[in-house]
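# Inside the fold
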Amino acid sequence: MSSSFHVAHHFSDAEQQRESAKLGMWVFLLTEILLFGGVFVAYAVFRVWYPDMFYNAHKALDVTMGTVNTAVLIVSSLTVALGIREIQLGRQKQCTRYLLATIVLACVFLVIKYFEYAHKIHLGQLPGKFYTFDGIAGTNPHVFFSIYFLLTGIHAFHILIGISLLTWVMIKNMKGHFSAQYFTPVEITGLYWHLVDLIWIFLFPLLYLIG
Amino acid sequence: MNANPSTVSYLEDKKGIWNWLTTVDHKKIGLMYLVLILGSFLVGGILAMLVRLELISPGEDFYSADTYNRFFTMHGVVMIFLFIIPSIPAALGNFVLPLMVGAKDVAFPRLNLASWYVYVVGLLLAFWALLYGGVDTGWTFYTPYSSEIQGPVAMIGLAVFILGFSSILTGLNFIVTIHKLRLPGITWFNMPLFLWGMYATAIIQILATPVIGITMVLLLFERLSGIGIFDPSMGGDPVLFQHFFWFYSHPAVYIMILPAMAIVSELISTFSHKKIFGYKAIAYSSVAIALISFLVWGHHMFTSGQSRFAAMVFSFLTFGVAIPSAIKVFNWLATLYKGSISLETPMLYGLSFLFLFTIGGLTGLFLGTLAVDVHLHDTYFVVAHFHYVMFGGTVVAFIGGLHYWWPKMVGKMFNETWGKIGAVLVFLGFNFTFMPQFIAGFRGMPRRYYTYGEEFTVYNVLSSLGAFLLGIAFVIVGINLVMSLINGKKASKNPWKSLSLEWETQTPPITENFEVDPVITHGPYDYDKVEVQ
Ligand SMILES: [Cu+2]
């Protein structure tokens, strides 16, 4: 195989190496799901405990911004997928463009999130003991904001990691590290990015669209 | 480069501290883990001695109740998170697993090294917190106490989070290595049972550890920014913390015991010189244990006010998880039957395991029984039970495995006589320490107090004397292993006459493990077909 120059010494061929990397990333994604799972369980418990408060409190969230952000992330999943396709076809330049588009979209997401957070901080709609707002009826509205900030905060942290990973593979791609024969890092970064998007797809209705 | 690199052992290849600290060789990383893990065992052991010292008579003897609480908490934290959880997988598993599948390394060698550094960070944080005064929450960190008290709880929480990360990376590496790096000819049902045990352990490491991670993150936020989700005074739920904690920590006892069972399968077959009985039953029972272990966490909360129905389900499932464990024990016994058993040091530990783990497992059923647990909950019966499983089970198997693979790891034989003396003393000291605790607990002595009623004195004196004997036993074991490095006989390629693949390479192995990919001509337990040279 012509691609053997990228095969680490302990793998017998490029295919084994690629398969291993992909399985490794899938296993890692499982751990991510369980990590978020903990906070989702906390969400479920408190929503059952305080259904009316959750309904009232969710109105404080900005559905428009949430919807725009959902769209931004879905498009970014598309661009990263297209980027992977381009590098599979050996088109490095096009791949770089798609990766850049993904990074820009990720930053747009964070900017919108920043405005949402800033607004809530301004109003005192904050977690736990920092909660000072008093326009939400029901018991313990600060619990809703504890869960809201935990879920979206941990998610935003993952977006940041995603941006770093995407930037890293983009730079490597610009330096010509990847080709139609070897593109595993692009592919597994893409996998990670899809998961981060997917988690938002669950977060959005659970937080913004309580009916 | 060396003139003849193919026969230079990994210990001789690329020497120097810097080469060790940047190595991606799974064998060196395994040894680096081993050193820190044994160091943690020593610290945890000293803390245990201090606990037993205070308990040698009722009342305040040597230090205050507050100090006592810190000592037993730190004993638990150090032993569980720094010692037992990484012990077998990260130290022995790292060394042996790639050799057993015939690979040159684990699937992600750099990630493997990273996991060691992550472990070091966790270890430093934990010991820093210990020097900072430690915490007195118990290793379970129950809220709201843990979110309110002074002290370095956040630091320890962070350490547990970080150590969990290290454990996840090890598990991830093992899963991918077992799936993708097996040599042609090593099939799922033709690989050593040690690998099945490691695989089942890795499943739990992957699926359970993130939950303790998020729990510790939540506890951190609870302390640092008062999010209140575990705080009843703020509308939070302290029992939710217990659910989270045990969702990890019950499966975690299987992260600790499955690798021990994995070692015992190797020891029993090798030293009986007989094909393992019920290979598939042992293999599948490992996976069954891993899966059922996720469904029993509520048995730690029978007295925490969970619903009666939930308690019944958890009790039932707890009995369920005993079945695959029992299947293993019976298969090991059947392997021993009519085997030509040789009682070398590793085998003594293997047999100790059988005896002690069986007691530990059976007493677990007492605790899984609802009505009985209400009586036994938070007594010394629980302490004795989990020490029989964790120490009598895991630590004994770990030390057995350490003796078993020691020649392969360091290239030297330890003194067999002293090895045997050590093994017997560990067995005696252990039973001396923990058997009386069953009785004290059954008679109502509560755990986690620095003092006790006069009527429990005899059990505690016995237990403390046993603990000191156990301490002496480990000093003997330690000196024997260290002496082997200095003046041990050179180990042969296959000193125990095992058929497993790790014994087919030279001792100690070369950096690349095998000079050429070995051709698999027999299974790891084919003692009935193959004559071992
Ligand atoms: Cu349990």
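Going by the structure above, here's the rest.
Note that the structure is a prediction, hence the values are computed from the model and not measured. (Residues numbered from 1 in each chain as written. Chains lettered and ligands numbered in written order. Predicted model: local features only at pLDDT ≥ 70, side-chain atom pairs only at ≥ 80, totals over all residues. Heavy atoms only, no water.)

### Looking at the coordination of the copper ion
All names here are of chain B.
- Around the copper ion, the protein contributes the donor atoms His250 (ND1), His299 (NE2) and His300 (NE2), which lie 1.7 to 2.0 Å from the metal centre.
- Ordering the donors of the copper ion by residue number gives the pattern H-x48-H-H.
- Among the residues examined, histidine 299 registers a relative accessible area of 13% and is labelled buried. (Donors = N, O, S within 2.8 Å, 3.2 Å for Na, K, Ca; no water. Buried < 20%, exposed > 50% of the residue type's maximum accessible area, 1.4 Å probe, protein only.)

### Quick word on the interface of chain A and chain B
- Contacts between the two partners involve 34 residues from chain A, matched on the other side by 31 residues from chain B.
- A combined buried area of about 2,800 Å² lies between chain A and chain B, and 77% of that area is made up of carbon and sulfur atoms.
- For the interface between chain A and chain B, the tally reads one salt bridge.
- Notably, a salt bridge pairs A:Glu19 with B:Lys180, separated by 3.4 Å at the nearest N-O pair.
- In this structure, the connection of chain A to chain B is made through nine residue pairs in polar contact (both at pLDDT 80 or more).
- Elements that contribute at least two residues to the side of chain A that touches chain B include exactly helix H1 (14–49) and helix H5 (141–174) of chain A. (Contact = heavy atoms within 4.5 Å. Buried area = accessible area lost by both parts, 1.4 Å probe. Salt bridge = Lys/Arg side-chain N within 4 Å of Asp/Glu carboxyl O. Polar contact = N/O pair within 3.5 Å; in protein donor to acceptor, adjacent residues only side chain to side chain. Helix = DSSP H or I, 4+ residues; strand = E, 2+ residues; numbered from the N terminus.)

### A short note on the pattern of salt bridges
- In the structure shown here, the tally under the stated rule is 12 salt bridges over all chains.
- A salt bridge links A:Lys113 to A:Glu116, with the nearest nitrogen and oxygen atoms 3.2 Å apart. Placement of both A:Lys113 and A:Glu116 in helix H4 (residues 92–123) is noted, with a separation of three residues, approximately one turn of the helix.
- Under the relative-accessibility criterion, A:Lys113 is labelled buried at 2%.
- A:Glu116 sits in the buried class, given a relative accessible area of 1%.
- For B:Asp526, the salt bridge goes to B:Lys529, with nearest N and O atoms at 3.9 Å.
- The exposure class assigned to B:Lys529 is exposed, which follows from its relative accessible area of 63%.
- Overlapping salt bridges bring together A:Arg18, A:Lys22 and A:Glu187 as one network.

### A closer look at the packing of helix H8 (residues 238–272) of chain B against helix H11 (residues 345–368) of chain B
Residue and element names in this part refer to chain B.
- Where H8 contacts H11, the axes come no closer than 9 Å and their chain directions differ by 125°. As far as their axial angle goes, H11 and H8 are oblique. Crossing geometry of H8 relative to H11 is assigned as left-handed. In contact with Ile257, Ala260, Met261, Val264, Leu267, Ile268, Phe271 and Ser272 of H8, H11 contributes Pro346, Met347, Gly350, Leu351, Phe353, Leu354 and Phe357.
- Within the contact of H8 with H11, the residues separate by chemical class into 13 nonpolar, two polar and no charged. (Axes fitted to C-alpha atoms, helices over the stretch in contact; angles between N-to-C directions. Parallel < 35°, antiparallel > 145°, perpendicular 65-115°, else oblique. Left-handed = near helix turned anticlockwise from the far one by under 90°. Nonpolar A, V, L, I, M, F, W, Y, C, P; charged D, E, K, R; others polar.)

### Structural notes on helix H10 (residues 308–336) of chain B
- The first and last C-alpha atoms of H10(B) sit 43 Å apart over 29 residues, in line with the 42 Å expected at 1.5 Å per residue.
- Positioned one or two residues after H10(B), B:Lys338 has a phi angle of 60°, which is positive. (Expected span 1.5 Å × (residues − 1).)

### Some points on the packing of aromatic side chains
- Throughout the structure, instances matching the rule amount to 59 aromatic pairs over all chains.
- Look at A:Phe109 and A:Trp200: their rings are 5.1 Å apart centre to centre, the planes differ by 90°, and that puts the pair in the edge-to-face class. Residue A:Phe109 is found in helix H4, and its partner A:Trp200 is found in helix H6 (residues 184–208); the two are separated by 91 residues along the sequence. Accessibility classification places A:Phe109 together with A:Trp200 in one group, the buried group.
- Arranged with centres 5.6 Å apart and planes meeting at 55°, the rings of B:Tyr68 and B:Phe72 form a pair that is tilted. You can see B:Tyr68 and its partner B:Phe72 sitting in helix H3 (residues 65–101), four residues apart, about one turn around the helix.
- Accessibility expressed as a relative area gives 1% for B:Tyr68, which makes it buried.
- The exposure class of B:Phe72 is buried, given its relative accessible area of 15%.
- Through successive ring pairs, a cluster of aromatic residues spans B:Phe41, B:Phe83, B:Phe366, B:Phe381, B:Tyr388, B:Phe391, B:Phe398, B:Phe430, B:Phe434, B:Phe438, B:Phe442 and B:Phe474. (Phe/Tyr/Trp six-rings, centres within 6.5 Å; stacked < 30°, edge-to-face > 60°.)

### Things to note about helix H7 (residues 193–225) of chain B
Residues and elements named next belong to chain B.
- Here H7 contains 33 residues, and its C-alpha end-to-end distance of 47 Å stays within 8% of the 48 Å for a straight helix at 1.5 Å per residue.
- Among the 33 residues of H7, 30 are classified as buried, and the element is accordingly described as predominantly covered.
- Positive backbone phi, at 55°, marks glycine 226, one or two positions downstream of H7.

### Let's talk about the packing of H11(B) against helix H13 (residues 380–410) of chain B
Residue and element names in this part refer to chain B.
- Two numbers describe how H11 lies on H13: the axes approach to 8 Å, and their chain directions differ by 160°. Judged by the angle between their axes, H11 and H13 are roughly antiparallel. Relative to H13, H11 is oriented so that their crossing is left-handed.
- In terms of residue class, the contact of H11 with H13 is built from 16 nonpolar, 11 polar and no charged.

### Some remarks on the nonpolar core
- Counting residues in hydrophobic clusters, the biggest one holds 230 residues, and the most contacted among them are A:Phe144, B:Phe81, B:Phe141, B:Phe194, B:Trp332, B:Phe353 and B:Trp405.
- If we skip the residues at most four places from it in the chain, B:Trp405 touches B:Leu92, B:Val96, B:Met100, B:Phe194, B:Ile263, B:Glu266, B:Glu502 and B:Trp503.
- By size, the runner-up hydrophobic cluster in this structure holds 12 residues, among which are B:Tyr63, B:Tyr380, B:Tyr452 and B:Tyr459. (Core = buried A, V, L, I, M, F, W, Y, C linked by side-chain atoms within 4.5 Å.)

### A closer look at the environment of B:Gly364
Residue and element names in this part refer to chain B.
- Considering the arrangement of structural elements, one finds glycine 364 in helix H11.
- Assessed through its relative accessible area of 16%, glycine 364 is described here as buried.
- It is 9.0 Å that separates the C-alpha atoms of glycine 364 and phenylalanine 319, two residues lying 45 residues apart in sequence.

### Some points on the side chain of B:Arg52
Residue and element names in this part refer to chain B.
- Structurally, arginine 52 can be placed in helix H2 (residues 26–54).
- Of the side chains bearing the opposite charge, aspartate 61 lies closest to the buried arginine 52, which forms no salt bridge; the N-O distance is 9.6 Å.
- Polar contacts involving the side chain of arginine 52 include one to the side chain of asparagine 460, which spans 3.0 Å. (Lys, Arg positive; Asp, Glu negative; His and termini not counted.)

### A word on unusual backbone geometry
Residue and element names in this part refer to chain B.
- The omega angle of the peptide bond from threonine 143 to proline 144 is 0°, so this bond is cis rather than trans.
- Mapped onto the elements, proline 144 comes out in the loop between helix H4 (109–131) and helix H5 (145–148).
- Cis geometry is adopted by the peptide bond preceding proline 508, which originates at threonine 507 and carries an omega value of -15°.
- Mapped onto the elements, proline 508 comes out in the segment after helix H15 (457–487).
- In the Ramachandran plot, lysine 14 falls in the positive-phi region, its phi being about 50° despite a non-glycine side chain.
- Within the element layout of this structure, lysine 14 appears in the segment before helix H1 (17–21).
- Backbone geometry places asparagine 513, a non-glycine residue, at a positive phi of 75°.
- Among the structural elements, asparagine 513 can be located in the segment after H15.

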